[in-house]
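Below, each chain spelled out in residue letters.
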Amino acid sequence: MRLKLGFLLRSLLIVGTFLGLVLLWASLSPKTDDSPFGRAVEGRDANAPLPNVQDKEPVAGNDRFKPVVPWPRVEGKEVDLESIRRKNNVEDIQLHQQKKENHQNIMEKQYITFKPQTHIYSDPVLKSGVIGNFEAKEPEPEGVIGGPGEGAHPFVLGPEYKESVQGSIREFGFNMVASDMISLDRTISDLRHEECKYWHYDENLLTTSVVIVFHNEGWSTLMRTVHSVIKRTPRRYLAEIVMIDDFSNKVHLKERLDEYIKQWNGLVKVFRNERREGLIQARSIGAQKAKLGQVLIYLDAHCEVGPNWYAPLVAPISKDRTVSTVPLIDSIDGNTYNIVPQAGGDEDGFARGAWDWSMLWKRIPLTSREKGLRKTRTEPYRSPAMAGGLFAIERDFFFELGLYDPGLQIWGGENFEISYKIWQCGGKLLFVPCSRVGHIYRLHGWQGNPPPAHVGSSPTLKNYVRVVEVWWDEYKDYFYASRPETKALAYGDISALKKFREDHRCKSFTWFMEEIAYDIIKHYPLPSKNVEWGEIRGYETDFCIDSMGHTNGGTAELGHCHRMGGNQLFRINEANQLMQYDQCLTRAADGWKVMITHCNLNEYKEWQYFKTLYRFTHISSGKCLDRSEILHQVFLSDCDSTKSTQKWEMNNILSV
């Protein structure tokens, strides 16, 4: 009995102790409906950030912090550490946020358009008498020893090739018969100034992706471009060559090309467009496909790069990422493949890129003002515009600029658009005398590549209009004075481009004309207001004056009116000039033929048009504009009001 009583007492003690522990645990545990952390918020992921007690109050520290044990309760009052932390730190957070915003404002003001320069690069150094560190140590081996075209010497075929040569020119624009006989690895002449050989460049140059767009290009001219890049570019900097096939249909540009480039083990890549995009948009596609190089170098599909072309071209970009560079472009004869410097420029052959007010590409001599900015003869110099076929630009910078305007079609005007965008939005465009690239210009007789069906009429004119509407400001009136047929041209939506210009605080065209392109008006004065414009049609006939594409001394002729403008579009302005683009009609040396030649505002002010009389009078001679519909000639003769051949009407022609 005594055992049973002891057992019962021990049992009661154990049970009492257990119940006491339970009560103590219950008193220490929070009630689930009192603690914000006792249960998950309904409809909320248990792993999501904790809710903020005050909706708009900033939260200090890690907003994903969650306790792993219940919060303690002391004297019946819950201790909310999160609230205490917020209360104690809210002022510090606000101060930190204000400092951050101030810093961001400073950054935005300093880099309102582009990312800051991070690449470290030293300026090139000219060391007289010491050969540059990027110059070849040994002479370049010939592609074929003593072979045709080596050293860029002219290669002339005999008359037995005449028919096949003419056929290749019609199809490709070049003498492909001769080109196919010349080695793809031929040597070329070094046309650089002697000083170029003594420049020393920091070896910390940016790498590059070379982008080549082609459409139905001849085989050897295309592949000689690729071979020259590989042969004359230091391998450590050449990340890739990206070839964009813009919907070619030539057999040699399909499987043969794919097999041929395998020899370079992935260095050369081909991407094929699913439809014809045109040169402009194909280049933007090339920028997207070229992912390995820090710099994009665009080359036309019929080029040959010169000795030590790479370092001078990329060095300015390595120093300043907002610089775009252009090599000096030499001319490769499309018949004989010899290479000569382009004509024009100053005494060194240096020229700046320019335009006239009808937006035709021009080259003007380097000014004394630009020469004064350089310390040496062969330093890069500023240019208002580029020709567009060959240039280098940092890849990220090109994307920050928005690539090319996506509304530009096929070809034309893109060189001006990218030039204006670079200059007006804070970058620089430099021509590089020590980087030279030869370029083949199409020969007369090429049948061309017509635009695809999905592209409307007058794509180049529409491109011009888009460019002037976005970038020229009030100067666009001078374009319309030179191209009156474009006034009613539908050019698409440009609101995104104008917003880009506004968002990036790009400068005005007036600033550009005064600070960068100050010399253009000297060579191409602003055009006068037009008095009349359109086709010059023989009164009540189907014959119109036609320049036939003649310029700089050719004669005007008479042709059937086609109502398409072009060579039959003329204008007479308040300065009494009868013009077509940058050419004026004037009396030829024989005194009676009508010649068309280049002019500026101070020349050939010699015409009056009497609209009610249907008469053009040549002021200095007192003679009238006449025609022979049988001989298709236009000439001057004594005025005679009874002659129907001296009556003309000007009819506006609007491009569509």
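Residues numbered from 1 in each chain as written. Predicted model: local features only at pLDDT ≥ 70, side-chain atom pairs only at ≥ 80, totals over all residues. Heavy atoms only, no water.

Concerning the overall build of the chain
Moving on, step 1. Summing up its helical and strand segments, the chain has 16 helices and 29 strands in all.
Moving on, step 2. Across the 656 residues that make up the chain, the buried fraction comes to 49%.
Moving on, step 3. Expressed as a percentage of contacts within the chain between residues at least 6 apart in sequence, the contacts between residues at least 24 apart total 74%. (Helix = DSSP H or I, 4+ residues; strand = E, 2+ residues; numbered from the N terminus. Buried < 20%, exposed > 50% of the residue type's maximum accessible area, 1.4 Å probe, protein only. Contact = heavy atoms within 4.5 Å.)

Considering the pairing of strand β26 (residues 615–618)
Moving on, step 1. Of the two faces of β26, the one lined by R615 and T617 and the one lined by F616 and H618 are each fully buried.
Moving on, step 2. In this structure, strand β25 (residues 607–610) lies alongside β26, joined through 4 bridges in antiparallel fashion. When the bridges of β26 are listed, Y609 appears paired with F616.
Moving on, step 3. Hairpin connection from β25 to β26: 4 residues lie between these consecutive antiparallel strands, with Y614 at a positive phi of about 55°. (Pairing = 2+ DSSP bridges.)

What about the state of the cysteines?
Moving on, step 1. Enumeration according to the criterion identifies 5 disulfides in this entry.
Moving on, step 2. Covalently, C544 is tied to C561 through a disulfide, its sulfur atoms 2.0 Å apart. Every disulfide takes its handedness from the sign of the S-S torsion; for C544 and C561 that torsion is 100°, giving right-handed. Note that C544 is positioned in strand β18 (residues 543–546) and C561 in the loop between β20 (557–560) and β21 (570–573), a separation of 17 residues in sequence.
Moving on, step 3. The partner cysteine of C584 in its disulfide is C599, sulfur to sulfur 1.9 Å. An S-S torsion of about 70° defines the bridge between C584 and C599 as right-handed. With C584 in strand β23 (residues 583–587) and C599 in the loop between β24 (594–598) and β25, this pair connects stretches of sequence that are 15 residues apart.
Moving on, step 4. What makes C584 buried here is its relative accessible area of 0%. (Disulfide = S-S within 2.5 Å.)

Digging into the packing of helix α12 (residues 459–471) against helix α14 (residues 495–503)
Helix packing geometry: the angle between the two helix axes and the distance between the axes.
Moving on, step 1. Taken N-terminus to C-terminus, the directions of α12 and α14 make an angle of 35°; their axes are 10 Å apart at the nearest point. The two elements α12 and α14 cross, and the hand of that crossing is right-handed. Where α12 abuts α14, its residues R466, E469, V470 and W471 lie against L497, K498 and R501.
Moving on, step 2. Considering only residue class, the contact of α12 with α14 consists of 3 nonpolar, no polar and 4 charged. (Axes fitted to C-alpha atoms, helices over the stretch in contact; angles between N-to-C directions. Left-handed = near helix turned anticlockwise from the far one by under 90°. Nonpolar A, V, L, I, M, F, W, Y, C, P; charged D, E, K, R; others polar.)

A word on the environment of Q580
Moving on, step 1. Position of Q580 among the secondary structure elements: in strand β22 (residues 578–580).
Moving on, step 2. For the pair Q580 and N567, spaced 13 residues apart in sequence, the C-alpha to C-alpha distance is 7.8 Å.
Moving on, step 3. For Q580, the contacting residues outside a window of four places in its chain are S547, G566, N567, Q568, L569, F570, R571 and I596.
Moving on, step 4. At 2.8 Å, the side chain of Q580 forms a polar contact with the backbone oxygen of N567. (Polar contact = N/O pair within 3.5 Å; in protein donor to acceptor, adjacent residues only side chain to side chain.)

Some thoughts on the packing of aromatic side chains
Moving on, step 1. Counted under the stated rule, the structure contains 34 aromatic pairs.
Moving on, step 2. Ring centres of W357 and Y475 lie 6.1 Å apart, and the angle between their planes is 20°; on these two criteria the pair is classed as stacked. Of this pair, W357 sits in the loop between β12 (351–355) and β13 (361–365) while Y475 sits in the loop between α12 and α13 (476–482), and the two are 118 residues apart along the sequence. Pair check on accessibility: W357 and Y475 agree, each one buried.
Moving on, step 3. Ring centres 5.5 Å apart and planes at 50° place the aromatic pair F509 and F512 in the tilted group. Separated by 3 residues within a single helix, F509 and F512 lie in helix α15 (residues 509–515), roughly one turn from each other.
Moving on, step 4. It is R442 that lies over the ring of W446; its NZ or CZ is 4.2 Å from the centre. (Phe/Tyr/Trp six-rings, centres within 6.5 Å; stacked < 30°, edge-to-face > 60°. Lys NZ or Arg CZ within 6 Å of the ring centre and 35° of its normal.)

Quick word on the environment of E649
Moving on, step 1. Along the polypeptide, E649 turns up in strand β29 (residues 648–651).
Moving on, step 2. Sequence spacing of E649 and K611 is 38 residues, and the spatial spacing of their C-alpha atoms is 7.4 Å.
Moving on, step 3. Residue contacts for E649: discarding those within four places in its chain leaves E535, I536, R537, G538, Y539, E540, Y609 and Y614.

Focus on the side chain of N216
Moving on, step 1. The topology assignment puts N216 in the loop between β5 (208–214) and α5 (219–232).
Moving on, step 2. For N216, a relative accessible area of 11% gives the class buried.
Moving on, step 3. A distance of 2.8 Å separates the side chain of N216 from the backbone nitrogen of N249, its partner in a polar contact.
Moving on, step 4. Within the local environment of N216, its side chain forms a polar contact with the backbone nitrogen of K250, the two atoms lying 3.4 Å apart.
Moving on, step 5. Beyond its immediate sequence surroundings of up to four residues, N216 is in contact with F172, S248, N249, K250, L253 and N449.

As for the pattern of salt bridges
Side chains that carry opposite charge are capable of pairing whenever their charged atoms lie near each other.
Moving on, step 1. A full pass over the atoms with the stated rule returns 42 salt bridges.
Moving on, step 2. As a salt-bridge pair, E203 and R236 come within 3.5 Å of each other at their nearest N and O atoms. A residue pair is termed long-range when its members are at least 10 positions apart, and E203 in the loop between β4 (199–200) and β5 and R236 in the loop between α5 and β6 (238–245) qualify at 33 residues.
Moving on, step 3. The class for E203 is partly exposed, based on a relative accessible area of 42%.
Moving on, step 4. A salt bridge links R537 to D542, with the nearest nitrogen and oxygen atoms 3.5 Å apart. (Salt bridge = Lys/Arg side-chain N within 4 Å of Asp/Glu carboxyl O.)

A short note on the side chain of H618
Moving on, step 1. The residue H618 is located in strand β26 in this model.
Moving on, step 2. With residues near it in sequence (within four places) discarded, H618 still touches R587, E606, W607, K623 and L636.

Focus on the nonpolar core
Soluble globular proteins tend to pack their nonpolar side chains together in the buried interior.
Moving on, step 1. Counting 62 residues, the largest nonpolar core has W355, M359, F398, Y420 and W472 as its most contacted members.
Moving on, step 2. Among the elements that make up this core, the one with the highest residue count is α12 (7 residues).
Moving on, step 3. Leave out the neighbours within four places in its chain, and Y420 touches W355, M359, C425, V467, W471, W472, F509 and F512.
Moving on, step 4. In this structure, M243, V268, I297 and W309 belong to the second largest nonpolar core, which totals 46 residues. (Core = buried A, V, L, I, M, F, W, Y, C linked by side-chain atoms within 4.5 Å.)

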